[in-house]
Amino acid sequence: MSDAFYLPDDNDPHRFVSTELTRGPWSPDAQHAGPPSALLGHAIERCEPRAGFQVGRVAVEILGPIPLEPLTVQTRVARAGRSVELIEATLSTDRGPVMQANAWRFKRADPELQLPEHILPTGARPGPEHAPGATPFPSDQAIGFHTGIEYRFVTGSFIDAGPAICWIRLKYPIVAGTDPSPLERTLAAADSGNGVSSVLDWAGYLFINTDLTVTLHRQPAGEWVCLDAATYPQPHGIGLAESALFDEKGPLGRSTQTLFLTTRS
């Protein structure tokens, strides 16, 4: 098994070899959307970087199953600005695009704004040390995303239906030879909101997200990212998974996923 989710291609700086750690729960031949979302974040942060700027929102569109194949990432600044700029990123296999992302990058206030203490985001969730113990992951694959992360449920579990609070930590870097950035850690974790808070039986239903939107008002500190997640299904087959994001210092932001719901054939 590799020691990273992706291995850089020595002949092409935009190309990455997908390892088995990227495998998701829906098919042994398809990736979990968390690692490729984090790979997009990895590339976005390296797109014409500017000192004093920080990514505040990333919206990922999942164009189809992401195969366990080499991926190529292309990025560009789509809208430049003195204070706010828009970055576009595309993730492709040799057969065409599989994911697209738009990211807003903001200039950080310097000096910081003098805001009243009572309007600042506050709150906390019980830390990962409060998790009662190991919980099973609904996959029969020996290697996959679930073995590339450490997850600790404070409430709920992958197989207990309903809202849940889960802490997630990467065991390996997204790209070999690099340290995962706070944005990479958050994107990798946030895509698990629909699994963490699943309300439908994994054996009888599919609840696959077509997108992932992560808005961060603060960069996470430390290795752990917490999802306080809930899923809202509808009989017509469209659902929503929403997660409040935390680290051990407090709130970070929100993530949402639009879900395609159907029975397994």
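The text that follows walks through the structure, step by step, so that each part is easy to find. Predicted model only: the values in this text are computed from it and were never measured.

Within the protein, the regular secondary structure consists of four helices and 13 strands. Rg of the C-alpha trace for the protein: 18 Å, near the compact-globule value of 18 Å for 265 residues, within the 12% margin. Each principal axis of the C-alpha atoms in the protein carries an extent, and together these give about 50 × 50 × 35 Å. Here the protein holds 265 residues, and 50% of them are scored as buried. The contacts in the protein between residues at least 6 apart in sequence include a share of 66% that link residues at least 24 apart.

What follows covers the side chain of Thr231. By secondary structure assignment, the location of Thr231 is in strand S11 (residues 224-232). Within polar-contact distance, the side chain of Thr231 engages the side chain of Ser197 at 2.7 Å. The residues contacting Thr231, other than those within four sequence positions of it, are Gly193, Asn194, Ser197, Ser198, Val199, Leu240, Ala241 and Leu259.

Once that is clear, we can look at the state of the cysteines. Within the structure shown, the criterion is met by zero disulfides. Of the cysteine sulfurs around Cys166, a residue in no disulfide, the closest is that of Cys226, at 7.6 Å.

This next bit is on the nonpolar core. Residues Leu39, Val58 and Ile174 are the most contacted members of the largest nonpolar core, which totals 58 residues. Contacts of Ile174, omitting those with residues within four sequence positions, involve Ala4, Phe5, Tyr6, Pro35, Ala38, Leu39, Pro180, Glu184 and Ala188. Judged by nonpolar contacts, the second largest core, of seven residues, contains Val154, Ile165, Trp167 and Phe246.

The next point concerns a nonpolar patch on the surface. Judged by side-chain polarity, Leu113, Leu115, Ile119 and Leu120 come together as a nonpolar surface patch covering roughly 370 Å² of accessible area. Its place among the elements puts Leu113 in the loop between strand S6 (96-107) and helix H2 (145-148).

By the criterion of burial, strand S5 (residues 84-93) is predominantly enclosed, with seven of the 10 residues buried. Across seven bridges, strand S4 (residues 71-79) lies against S5 in antiparallel orientation. Bridging across to S5, Val73 finds its partner in Leu91. Between S4 and the antiparallel strand that follows it, S5, lie four residues. Strand direction decides the pairing type here: S5 and S6, joined by 10 bridges, are antiparallel. Bridge pairing in S6 places Glu88 opposite Asn102. Between S5 and S6, which pair antiparallel and follow one another directly, the connecting turn spans two residues.

What follows deals with the packing of aromatic side chains. Two measures describe an aromatic ring pair: the distance that separates the ring centres and the angle between the ring planes. Under the defined criterion, the tally for this structure stands at 10 aromatic pairs. Relative to Phe158, the ring of Phe137 has its centre 4.8 Å away and its plane inclined at 80 degrees; by these criteria the two rings are edge-to-face. With Phe137 in the loop between S6 and H2 and Phe158 in the loop between strand S7 (149-155) and strand S8 (164-170), this pair connects stretches of sequence that are 21 residues apart. Of the two residues, Phe137 and Phe158, both sit in the buried class. Here the aromatic residues Trp26, Phe137, Tyr151, Phe153, Phe158, Trp202 and Phe207 are joined through ring pairs into a cluster of three or more.

Take the environment of Thr263 next. Tracing the backbone through its elements, the reader meets Thr263 in strand S13 (residues 250-263). Judged by its relative accessible area of 51%, Thr263 is exposed. Each C-alpha atom of the pair Thr263 and Gln100 lies 27 Å from the other, and the pair is 163 residues apart in sequence.

A separate point is the pattern of salt bridges. This structure, assessed with the given rule, holds 14 salt bridges. Of the charged contacts, one joins Glu223 and Arg169 as a salt bridge, the two residues approaching to 3.5 Å between their closest N and O atoms. Highlighted residues: Glu223 in the loop between strand S10 (211-216) and S11 and Arg169 in strand S8, separated in sequence by 54 residues. Note that Arg218 and Asp247 form a salt bridge whose closest N and O atoms lie 2.8 Å from each other. Linking Arg218 in the loop between S10 and S11 with Asp247 in strand S12 (residues 238-247), this pair joins segments that are 29 residues apart in sequence. Salt bridges here are not isolated pairs; linked through shared partners, they connect Glu150, Arg152, Arg169 and Glu223.

Each value, and the rule that gives it
Residues numbered from 1 in each chain as written. Predicted model: local features only at pLDDT ≥ 70, side-chain atom pairs only at ≥ 80, totals over all residues. Heavy atoms only, no water. Helix = DSSP H or I, 4+ residues; strand = E, 2+ residues; numbered from the N terminus. Rg over C-alpha atoms; globule rule 2.2 N^0.38 Å. Buried < 20%, exposed > 50% of the residue type's maximum accessible area, 1.4 Å probe, protein only. Contact = heavy atoms within 4.5 Å. Polar contact = N/O pair within 3.5 Å; in protein donor to acceptor, adjacent residues only side chain to side chain. Disulfide = S-S within 2.5 Å. Core = buried A, V, L, I, M, F, W, Y, C linked by side-chain atoms within 4.5 Å. Patch = residues over 30% accessible without salt bridge, like charges linked within 9 Å, V, L, I, M, F, W, Y side chains within 5 Å. Areas by Shrake-Rupley, 256 points an atom, 1.4 Å probe, with all protein chains shown as cover. Salt bridge = Lys/Arg side-chain N within 4 Å of Asp/Glu carboxyl O. Pairing = 2+ DSSP bridges. Phe/Tyr/Trp six-rings, centres within 6.5 Å; stacked < 30°, edge-to-face > 60°.

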